[in-house]
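Here are the chains, one letter per residue:
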Amino acid sequence: MAGGKTVAAQQGAWLCFEDEAGQTLRPPKARTWGRRGQTPQIPVSGKGSGRVSVAGLVCVRPGHRPRLIYRVRTHRGRKGERRSFAETDYAALLDAAHQQLGARIVLIWDNLNTHTSHAMRKLVAARDWLHVIQLPPYAPDLNPTEHVWSHVKRNLGNLIVHGIDQLTAIVKNRLKRIQYRPG
């Protein structure tokens with residue numbers, strides 16, 4: 001990432017790390033307390049329809065507080081519905097980040113097929129304020145956004161939700177908490 005920091009410093013830009021995550025109605029397993037010999041049972045809906053996808057940017061710049069900018073999409077499991085973010089969704093996220101940050105952006109993201117597609121390369125080339133750097137093939141330790149997803153999923157452990165709209169509201173609430181306490 002030394003190259004990304006150098007480019008950002010030379011351009012006076014924000015260094016933004018992008019990643020995406022998803023959550024279904026089935027909560028991640030988490031440790032909990034219970035009486036000895038009585039394993040706590042958490043009822044989970046057997047329905048598999050519905051998914052919440054989140055794309056986020058962790059943005060840093062010397063002399064400024066770090067920022068978390070994200071977009072949430074709710075997928076209801078309908079026939080023909082896309083289950084992930086499209087190139088235009090990522091472009092809209094980057095445009096919103098540029099608007100909020102008010103400066104050039106050096107973007108660091110993984111090699112997701114949507115990030116490296118021909119359509120995405122055209123969208124990136126149309127933005128002169130954007131410089132993109134690809135991460136090595138699998139390097140979650142180099143992307144601080146992974147820690148955001150880890151924190152959110154840890155807070156969702158063993159949580160009972162009754163529908164996709166409730167899950168969306170809870171995910172947004174957890175992300176909003178992180179925005180107000182970036183440390």
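The preceding data block contains the structure.
The text that follows walks through the structure, step by step, so that each part is easy to find.

Calculation rules
- Residues numbered from 1 in each chain as written.
- Predicted model: local features only at pLDDT ≥ 70, side-chain atom pairs only at ≥ 80, totals over all residues.
- Heavy atoms only, no water.
- Buried < 20%, exposed > 50% of the residue type's maximum accessible area, 1.4 Å probe, protein only.
- Helix = DSSP H or I, 4+ residues; strand = E, 2+ residues; numbered from the N terminus.
- Pairing = 2+ DSSP bridges.
- Salt bridge = Lys/Arg side-chain N within 4 Å of Asp/Glu carboxyl O.

### Let's talk about the pairing of strand 1 (residues 14–24)
The side chains of a regular strand alternate, first on one face of the sheet and then on the other.
Moving on, step 1. Strand 1 sits mainly inside the fold: 10 of its 11 residues count as buried.
Moving on, step 2. Strand direction decides the pairing type here: strand 1 and strand 4 (residues 105–109), joined by 4 bridges, are parallel. Residue pairing in the sheet places C16 in a bridge with L107 of strand 4.
Moving on, step 3. Note: strand 1 against strand 2 (residues 51–60), 10 bridges, orientation antiparallel. Directly across from F17, in strand 2, lies its bridge partner V58.

### Things to note about the pattern of salt bridges
Moving on, step 1. Using the criterion set out here, one finds 3 salt bridges in the structure.
Moving on, step 2. A salt bridge links D89 to R73; the nearest nitrogen and oxygen atoms lie 2.5 Å apart. With a gap of 16 residues between them, D89 in helix 2 (residues 87–101) and R73 in strand 3 (residues 67–75) connect regions that are remote in the sequence.
Moving on, step 3. Residue classification places R73 among the partly exposed positions, given a relative accessible area of 25%.
Moving on, step 4. The partner of R76 in a salt bridge is D165, with the nearest N and O atoms 2.7 Å apart. Within this pair, whereas R76 is found in the loop between strand 3 and helix 2, its partner D165 is found in helix 6 (residues 164–180), the two being separated by 89 residues in sequence.

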